[in-house]
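Coordinate inspection notes
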Amino acid sequence: MSDTLERAGAAGVGASPRRPDGIPKVRGTFDYGSDLRIDGMLFGATVRSPHAAARIRGIEVAAALATPGVHAVLTADDVPGERRYGLEIADQPVLAWDVVRFAGEPVVVVAADHPETARVARDRVRVDYEELPPLTDMERALDDDAPQLHPTGNVVRHVHIEHGDPDADAEVWVEGVYETGMQDQAALGPEAGLAIPAEDGGVDLHVTTQWLHADRDQIAPCLGLPPERVRLHLAGVGGAFGSREDLHLHVHACMLALHTGRPVRIVYGRHESFLGHVHRHPARIWMRTGATRDGRLVNVRARLLVDGGAYASSSTAVIANASTFAAGPYELPNARIDGTAVYTNNPPCGAMRGFGAPQLCFAHEAQMDRLAAALEMDPIELRRRNVLGPGSVLPTGQVIRGSAPVAELIERAAGVAIPDDEPFGGRDPIELPGGAGNVGRGEGVRRGTGLAVGYKNLAYSEGFDDASAALVVLRAEDGVAVAEVRSAAAEVGQGLTTVLAQIVTTELGVDDVRVLAADTSVGSSGSSSASRQTMMSGGAVQDASARVREELLERVRVRHELPPTAVLTLEAGRVLLDGLPLVEIAGVLDEPITAESVYRHRRVTGFDARGQGDIHVAFAFAAARAVVEVDVDLGLVRVVQVAVAQDVGRAINPLGVTGQIEGGTAQGLGLALMEELRTDRGRLVNASFTDYLLPTILDMPPVVSVVVEEPEPGVPYGAKGAGEPSTVVAPAAIAAAVRAASGREIGRLPIRPDDLVGLTERRPWSAPPPNPDVPFQVPVPPRREPD
Amino acid sequence: MLVRLRVNGRERAADIWEGSSLLAFLRDELELPGSKNACEEGECGSCSVWLDGTLVCSCLVLAAQAQDRAVRTVEGLVGDGELHPVQQAFVDAGAVQCGFCTPGLVVAATDLLEQRPTPTDPEIREALAGNLCRCTGYQKVLEAVRLAASGGTGERA
């Protein structure tokens, strides 16, 4: 049976072939980063700051270095090249010197011949800190007398968007304040890497990442090496969700390997993983929404603040996204939106699935429900009246050019049958809100439903050229045509390699398609982020395949003396002439055929001074309808069902698409009800799977996926990315349902039991903080262009 | 210290650090990386193995505790080149994404089906409540276990 499965992948676009990595993964033989090993390797460990803010007065490494089995103890002074790196702004030290800006910041790295020896040595490093009062409140960061954490001040970026007449009055106004907590990606595979020093003085790094080339281009300057001597190889990735966009142990492992001349492996444990990657930005959002009495939106004024933590990471892009999505997927003539990302001494925040959109969806959808209540209108009807579609103008002035079946998504999500309201008597206690921990008998349980609509941009925005390269080789092996795909695109679990193979099968009629391991020996594929790889690397593979096909068909025409008008097609390993078999594809592959392609999305622009511009490449929309039960006495919630209608353009792999919708919904449910990294004076207090609660199979309700296919013009097969939209809308829908069931306001995610029984102290909301006087509107700090 | 035990039917031994967990012993000494290191604190189930037939988190067992005992890991489910019906069902149902939780889920699901060949949905949920998955939202995991229980036909037994 495995025999037939090994050949899986042999199906084209629109089918759901088994994923080729599925078999090694179920067998336990798939090589993840933490499984890598090589003879003679050393093991790295990292000394991290226990303080959120401190001055480093001295570092004593002698005792650590004297530990038998220890080969290296390195500090910032040992960084061979640039001492700072960053995705967008190079503001993050490889190893801290002088000051530490967050609890968990790396200060010293060690390498030893056994993991336990490395840990012992780590604990023998003495760092003399002078603690400083940490800046941990994002509003406080904007005060003039707040400590300034970076030479540029505490504002990472401020985005200002003015649309129409921002002072336009409306007949009905509603106002709300919203807050979301810090969520963790919690990919199950920990950060891991193996650095192997090379004979040319360079290094080969096998590492868990989302974008090999961006990593390389940050690592090489820190090592003082030219990029071509820093070769990255994708190690098996156990989930990503944004957490692997930033460097983690990359430079540390390479430094130790180059210093010792030995291979060095670093694998984080779970606690260190929480410290070692960025998180989802906590947000505070103030919003006023104005409408006519018959329910037409007139004006939205929003002020949003996100906590970027100690270093910039991708905060500049996250705040741009959050700001552009603030008003929701609605037609709106007027708006004033101000978004600010600030530095604090909290853990750094960056990319996580949804990238600024889930926080804002929670706010704009709460506002829509509030407005519906004020207008005494059905919330779905209010959305119908305002929903945007093709040709609509966004607050940035951007016109929606692609497909935007938003009205259909609402109808489809709202139309999913709601499960029967089961009586509580006789129910398995595990099916009560709170499960077996529910000490009631169901007498306090109330049901509610809620709906939310949202959207997410696809690919990188603001004029950034995140091109994807791919190489396709068609050759004969034992008389059978075999296609190989070479690409640096990161398979992180999402199923990209399956999608790429399907595309080749469709274009070349070849069943045996092998997607080779990703590394930096080929051109950049951009990041496995922003729901972009199906479109971008899919586009590159499609185009390269088409070129291979042209050459193949030309060979056939020449050898069979066919006129240029002959209708040739490729199917199941054969060339067909007018639909009839002519020759085996392998029969004309005496020489392999190779083609390379670089796919670029349409060019977009940055913001002008009023926040106007053609900012985003394309959009994917979703609507979610949640059904929940709330025990209003105990403050416990059970989600009964989530129906998600998602705009995917075209489902290249329907099984993969529903897998993305279901998984994205689970992460959205986590943000709504369970998941929050909490800090005390900037220190994470629940950085473990014991204390940071992830949804289990008992928490997850049935997810009903409604896949809406309206092809996006101008992109390969019309396919949009599918990874993020469900995560954007699920939290807002669940919050709405909880509001409906409990009658509580719910201004904060995740919703805590105290919020549902009236025990939470109201936050003394002040007026929104004033906008900072900074010039960061237009210039996005330059990002490195991919090669 | 020298630890001897029977792993997947074979006598194995290694001289290890006294503090080594069974998980580290399996992964680092015996080169059986199928048991995964996702949390190493007994919360995620990714390192699930059988110890004398009982399902345990191998990260919570000292290697020394397994002295002279029998351990069965995901690598020992079937012979080389074969797939266990539960493994096959996980592939067919699309229950594998990043796959880091998968070996643990396969072991836990197999344990369930060995005890209850035709479990109800609540029984499946209860049995797999100790296994975290961050990718799938569990729906296709549930479908995979139903599929395996029905003998691969997708029909409920």
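All values reported here derive from a predicted model rather than from experimental measurement.

Rules and cut-offs
- Residues numbered from 1 in each chain as written.
- Chains lettered and ligands numbered in written order.
- Predicted model: local features only at pLDDT ≥ 70, side-chain atom pairs only at ≥ 80, totals over all residues.
- Helix = DSSP H or I, 4+ residues; strand = E, 2+ residues; numbered from the N terminus.
- Rg over C-alpha atoms; globule rule 2.2 N^0.38 Å.
- Buried ≥ 20, exposed ≤ 12 C-beta atoms within 10 Å, placed from the backbone.
- Contact = placed C-beta atoms within 7 Å.
- Nonpolar A, V, L, I, M, F, W, Y, C, P; charged D, E, K, R; others polar.
- Core = buried A, V, L, I, M, F, W, Y, C linked by C-beta atoms within 7 Å.
- pLDDT = per-residue confidence, 0-100.
- Axes fitted to C-alpha atoms, helices over the stretch in contact; angles between N-to-C directions.
- Parallel < 35°, antiparallel > 145°, perpendicular 65-115°, else oblique.
- Left-handed = near helix turned anticlockwise from the far one by under 90°.
- Pairing = 2+ DSSP bridges.

Quick notes on the overall build of chain A
For chain A, the helix and strand inventory stands at 16 helices and 33 strands. Whereas a compact globule of 787 residues would reach a radius of gyration of roughly 28 Å, chain A reaches 27 Å, a difference of no more than 12%. Taken along the three principal axes of its C-alpha coordinates, chain A extends 75 × 70 × 60 Å. Taken across its 787 residues, chain A has 61% of its residues classed as buried.

Describing the interface of chain B and chain A
On the chain A side, the residues contacting the 47 residues of chain B number 50 residues. No other element matches helix α2 (residues 85-92) of chain B, which puts five residues into the side of chain B that touches chain A. Looking at side-chain class alone, the side of chain B that touches chain A contains 23 nonpolar, 14 polar and ten charged residues.

A look at the nonpolar core
Residue and element names in this part refer to chain A. Residues V110, A624, V644, V729, A733 and I734 are the most contacted members of the largest nonpolar core, which totals 311 residues. Per element, the largest residue contribution to this core is twelve residues, and it comes from helix α15 (residues 725-742). Residue contacts for A624: discarding those within four places in its chain leaves A413, A452, V642, A643, V644, S726, V729, A730 and A733.

Examining the confidence of the model for chain A
Residue and element names in this part refer to chain A. Overall, the prediction assigns chain A a mean pLDDT of 95, with 97% of residues at 70 or greater. Scored below 50 in pLDDT, residues 1-10 makes 23 contacts in the model with residues more than four places away or belonging to other chains. This stretch, residues 778-787, has a pLDDT under 50; its non-local contacts, to residues over four places away or in other chains, come to 23 contacts.

Structural notes on the packing of helix α5 (residues 212-223) of chain A against helix α6 (residues 250-260) of chain A
Residue and element names in this part refer to chain A. At a minimum axis distance of 10 Å, the contact between α5 and α6 shows a crossing angle of 45 degrees. The angle between α5 and α6 falls in the class oblique. Relative to α6, the crossing made by α5 is right-handed. Residues D215, I219, C222 and L223 of α5 form the contact with α6, whose participating residues are H250, V251, C254, M255 and L258. For the contact of α5 with α6, the class distribution of residues is seven nonpolar, one polar and one charged.

Brief notes about the sheet that holds strand β24 (residues 568-571) of chain A
Strand pairing in a sheet relies on backbone hydrogen bonds, with the paired strands running either antiparallel or parallel. All names here are of chain A. Judged by pairing direction, the sheet is antiparallel, and its three strands sit side by side in the order β24-β25-β26 without closing on themselves. In this open sheet, the two strands that pair with only one neighbour each are β24 and β26 (580-584). Averaged over all adjacent pairs, the angle separating strand axes in this sheet is 35 degrees, with direction ignored. As defined by bridge partners, β24 adjoins strand β25 (residues 574-577) across four bridges and the pair is classed as antiparallel. Bridging from a neighbouring strand, L568 pairs with L577 of β25.

Section: the environment of L500 of chain A
Residues and elements named next belong to chain A. Counting through the fold element by element, L500 comes out in helix α12 (residues 496-508). For the pair formed by L500 and R296, sequence separation is 204 residues and the distance between their alpha carbons is 44 Å. With residues near it in sequence (within four places) discarded, L500 still touches V485, S487, V515, S537, G538 and V541.

A word on α2 of chain B
Of all eight residues in α2 of chain B, seven are buried; the element is thus mostly enclosed. The set of residues buried in α2 of chain B consists of V86, Q87, Q88, A89, F90, V91 and D92 of chain B.

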